[in-house]
Structure formats: structure tokens, C-alpha cells
Amino acid sequence: VQLVETGGGQVQAGDSLRLSCVPSGSTFSTYTMAWFRQAPGKERVFVAAINWSGRSTYYSDSVKGRFTISRDNAENTMYLQMNTLKPEDTAVYYCVKQIRPFGDVRLGPNQYGTWGQGTQVTVSS
């Protein structure tokens, strides 16, 4: 199972980007999925999660109100719409899948077991 992220790039502060995540070799329709990010020299941190049905979402305080996580199980794709981007959003963004199906969106990082390779988002001021 491999998760493939696309959609990163270099933008100006205030711009928008949409990241996509597609699992290669497996479906994810029964798993909670999430986005994490890692800035240069910092630890990887949680950004947002969405449960298997898409009805429950959870965001870090730093992105709440600016980012929207969504999924289309029929298309086997998860998204992260990022609006009003700030320089501090600069990071590598990772798509990740929980270890067990039907997990809660508030579970910690140790409950995630399949990670993508990451996509770079760079926001300049």
C-alpha cells in the first residue's frame, strides 16, 4: 500500500492550494485519514483528520478556519484545501492512514501506520 500526495507548490501569502492523496494498491474507504506536516528543522505535526465516512473532521488550531479536509470514497481520493496560506504553513505535507478501520479522528499519531512520500508546500511573504 502506498499513498501518493500531489498538489504542492510555491505560492504567495494569501494564496490557496489543494492537496490530493490517492492510495496506490489499496482502498481507504473504511479508514480515518489525515494530513500531517513537517517544517524544516521541526517535528512532524498533525494538521487535519477525516473519518471514514467524511462526516467527522478534526483540525489543529493553527489551520482551523483556513484549511478544509475532505474525501471522495468513490474516487478513492482525499483532499486538503488550503486557503489564506501563511509563510508558517511552509512544510512537507504527508497523507496518512490509520492502522485500524473506523477509527476516531482524534486518535494520536501512533495510530497511523501508512505514510505517503510527502509534497512540498512553500509560502513566501
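Here the structure is shown first, and the text comes after it.
Please read all numbers here as calculations on a predicted model, not as lab measurements.

A closer look at the overall build of the chain
Piece 1. When helices and strands are counted, the chain shows zero helices and 11 strands.
Piece 2. A compact globule built from 125 residues would reach a C-alpha radius of gyration of about 14 Å, and the chain, at 13 Å, matches this within 12%.
Piece 3. For the chain, the C-alpha atoms occupy an extent of roughly 40 × 25 × 25 Å along the three principal directions.
Piece 4. Working note: accessible area of the chain is about 6300 Å², and carbon and sulfur atoms make up 45% of it.

Notes on the state of the cysteines
Piece 1. Counted under the stated rule, the structure contains one disulfide.
Piece 2. Disulfide pairing is shown between Cys21 and Cys95; the S-S distance is 1.8 Å. Disulfide Cys21-Cys95: torsion about the S-S bond near -60°, hence left-handed. Of the two residues, Cys21 is situated in strand E3 (residues 17–24) and Cys95 in strand E9 (residues 91–98); the sequence distance between them amounts to 74 residues.
Piece 3. Taking the relative accessible area as the measure of exposure, Cys21 reaches 0% and is therefore buried.

Things to note about the pairing of E3
Piece 1. The pairing of strand E1 (residues 2–6) with E3 spans five bridges and is classified as antiparallel. Its bridge partner being in E3, Thr6 is matched across the sheet by Ser20.

Parameters at a glance
- Residues numbered from 1 in each chain as written.
- Predicted model: local features only at pLDDT ≥ 70, side-chain atom pairs only at ≥ 80, totals over all residues.
- Heavy atoms only, no water.
- Helix = DSSP H or I, 4+ residues; strand = E, 2+ residues; numbered from the N terminus.
- Rg over C-alpha atoms; globule rule 2.2 N^0.38 Å.
- Areas by Shrake-Rupley, 256 points an atom, 1.4 Å probe, with all protein chains shown as cover.
- Disulfide = S-S within 2.5 Å.
- Buried < 20%, exposed > 50% of the residue type's maximum accessible area, 1.4 Å probe, protein only.
- Pairing = 2+ DSSP bridges.

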